[in-house]
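In case you want the letters, here they are:
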There are 2 protein chains.
Amino acid sequence: MPMTRIRLTLAYEGTDFCGWQVQPADRTVQGEVERALATILGRAVRVHGSGRTDAGVHALGQVVHFDCPDGRTGFPWQRGLNGILPRDVRVLDAAEVPDDFHARYGAVSKTYEYCLWHERGFCLPQRRRFVWNCGPVDFARMEAAAGLLLGEHDFAAFQNVGTDVDSTVRTVTEISRHAGPTAHESVWRFTADGFLKQMVRNLVGCLVACGRGKLDLDGVRVILEAGDRTLAPATVPPQGLTLVRVAYGEG
Amino acid sequence: MPMTRIRLTLAYEGTDFCGWQVQPADRTVQGEVERALATILGRAVRVHGSGRTDAGVHALGQVVHFDCPDGRTGFPWQRGLNGILPRDVRVLDAAEVPDDFHARYGAVSKTYEYCLWHERGFCLPQRRRFVWNCGPVDFARMEAAAGLLLGEHDFAAFQNVGTDVDSTVRTVTEISRHAGPTAHESVWRFTADGFLKQMVRNLVGCLVACGRGKLDLDGVRVILEAGDRTLAPATVPPQGLTLVRVAYGEG
């Protein structure tokens, strides 16, 4: 039977999910989307994401695809799925795409943002699910360290165990700081051709260690060159992290 | 025994609270703060708020006061309370104030903000607890209606039943529109010398009816002059509303 490939752009709040990837006993984003599609299509459908996000990590622009029977051409996927999905996952966009589109293999870059809270005395309840309270930090020190991490490097020191990869070399094209939604926050944007397991949270851990004066630029160079995870600062918590965009090549 | 009066500025996310005011069986903000104070002081303490907020309504600047034994001068109230309170209530500021300070009777004005979501197809999961999705509206029509509501009026048509007041005359000094945290939102700020029960949510209902073209300026004038709640549009949902500031007179 001929199939139509559909691309969805998803937003989700990761708080109550055990991450993206479907698991037998846990509530996951992939599991919820596949369940909603099964309701519409009357059969099981596999959804392919651009990549996994961990438990507690959010998305504003996760891209996924699935194949459905050709007869569904013109089906209102956004409305149909949003009518069924729980409110912590939403379809922002749905489109029919060529058969050679692949959410994972076609991705040429990803952008994540990590939101830091800098006020020790309190964290606003309204922001608690979306920030990590790291206290006061020196932004200039963090930005100097970010400069060392930009470009093509072997990021083995910033990869957590658990996923096999052919290479730990990645090219980071952007690490930039932005104003947060309140004056107590800063947002750190990371763009790369791909990220290793928990790489953004490990990079943020490194930058915050610099911002706290616990690590200097020479220390960052040593960690990067040694490629030894045990030398690098700890992985920071998931709730500050959001997958904001996945970019695909032309055509 | 001599007492010291303490003023607290509180933020809370209203989602999981049955409002501000203590109730025997329900979880309330006042109940949580009084429970935390009882833990610190070893006895029951009554906390006085600037006013009640309804179930689901948030605060960024609720002001409250309580009296505690004089010997507690210098106690670190912010740290002490934030160490005990649940994470959906935080003390932003704590200060010793003169005995004649009163959170409710001393308030000279209050500012609320109501956040509207304007995209019918979806509401971002990250914003769902803080907005009401009213769909597309005409801001110019809403602002024209806001102009009629500014100033001193009898707001009887915008008061819900349930609280006895001496007068339903209030002076609204500000209704202004601001950009929201995403491009899909607008934030409407209301300042007055005081608000009647659910008055902000009723004013927003009126403005949105205008923005949707369901009500015109003559209609707003008729509602305001008739003072008849049944003529005015319905109360909008609580989760878009935040108490942002309570102002007190000099000295």
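Quick notes on the rules
Each chain carries its own residue numbering, running from 1 in the direction its sequence is written. Chain labels run from A onward and ligand labels from 1 onward, assigned in the order the entries are written. A pLDDT threshold of at least 70 governs which residues receive local features in this predicted model, and a stricter bar of 80 or more applies before side-chain atom pairs are shown or counted, although totals over entire chains, interfaces and linings include all residues. Neither water nor hydrogens contribute to the side-chain values; these are computed over all heavy atoms in the structure. Among the buried residues, those of types Ala, Val, Leu, Ile, Met, Phe, Trp, Tyr and Cys that are joined through side-chain atoms within 4.5 Å form a nonpolar core. For every residue, the accessible area (1.4 Å probe, protein chains only) is compared with the maximum for its type, and the residue is labelled buried under 20%, exposed over 50%, or partly exposed between those bounds. The way it works is that DSSP assigns letters per residue, a run of H or I at least four long becomes a helix, a run of E at least two long becomes a strand, and they are numbered from the N terminus. Any two residues whose heavy atoms approach within 4.5 Å at even a single point are treated as in contact. As a working definition, buried area equals the accessible area (1.4 Å probe) given up by two parts on being put together, with both sides summed. Every case where a carboxyl oxygen of Asp or Glu lies within 4 Å of a side-chain nitrogen of Lys or Arg is listed as a salt bridge. Definition of a polar contact: a pair of N or O atoms within 3.5 Å, with one able to donate and the other able to accept a hydrogen when the atoms are protein atoms, and with sequence-neighbouring residues admitted only if both atoms are side-chain atoms. Residues were grouped as follows: Ala, Val, Leu, Ile, Met, Phe, Trp, Tyr, Cys and Pro as nonpolar; Asp, Glu, Lys and Arg as charged; and all remaining residues, including Gly, as polar. Every axis corresponds to a line fitted to the C-alpha atoms, with the helix fit spanning only the stretch in contact, and the corresponding angles, defined between N-to-C directions, vary from 0 to 180 degrees. For classification purposes, an angle smaller than 35 degrees is called roughly parallel, one larger than 145 roughly antiparallel, one from 65 to 115 roughly perpendicular, and anything else oblique. In a left-handed crossing the near helix is turned counterclockwise from the far helix by less than a right angle, and in a right-handed crossing that turn is clockwise. For the purposes of this description, domain bounds are those given by an automatic or database domain assignment.

**Structural notes on the nonpolar core**
Residues and elements named next belong to chain A. The biggest cluster of nonpolar side chains holds 67 residues, and the ones touching the most others in it are Leu8, Trp77 and Phe158. Ranked by residues supplied to this core, first place goes to helix H4 (residues 199-211) with 9 residues. Setting aside residues no more than four positions away along its own chain, tryptophan 77 makes contact with Ile6, Leu8, Leu37, Ile40, Leu41, Phe66, Cys68, Arg72, Asn82 and Ala94.

**A word on the interface of chain B and chain A**
Every contact between the two is made by 23 residues of chain B and, on the other side, 23 residues of chain A. In total, about 1900 Å² of surface goes out of reach between chain B and chain A, with carbon and sulfur atoms giving 58% of it. In this structure, A:Arg129 engages B:Glu13 in a salt bridge whose closest nitrogen and oxygen atoms are separated by 2.7 Å. Put simply, chain B and chain A have 10 residue pairs in polar contact (both at pLDDT 80 or more) between them. Residues of the side of chain B that touches chain A, tallied by class, amount to 12 nonpolar, 5 polar and 6 charged.

**Brief notes about the packing of helix H3 (residues 139-149) of chain A against H4(A)**
Residue and element names in this part refer to chain A. The N-to-C vectors of H3 and H4 enclose an angle of 140°; their axes lie 7 Å apart at closest approach. In terms of orientation, H3 and H4 fall into the oblique class. Relative to H4, H3 is oriented so that their crossing is right-handed. Of the residues in H4, those in contact with Arg141, Met142, Ala145, Ala146 and Leu149 of H3 are Leu203, Leu207, Val208, Cys210 and Gly211. Residues belonging to the contact of H3 with H4 are distributed by class as follows: 8 nonpolar, 1 polar and 1 charged.

**Here we look at the domain arrangement of chain A**
All names here are of chain A. Under the domain assignment used here, chain A contains domain 1 (3-97) and domain 2 (109-248). Of note, the centres of domain 1 and domain 2, computed from C-alpha atoms alone, are 27 Å apart. Taken together, the 16 residues of domain 1 in the interface contact 17 residues of domain 2. Buried surface at the junction of domain 1 and domain 2, summed over both partners, amounts to about 1200 Å²; 55% is from carbon and sulfur atoms. Our count for the contact surface shared by domain 1 and domain 2 stands at 2 salt bridges.

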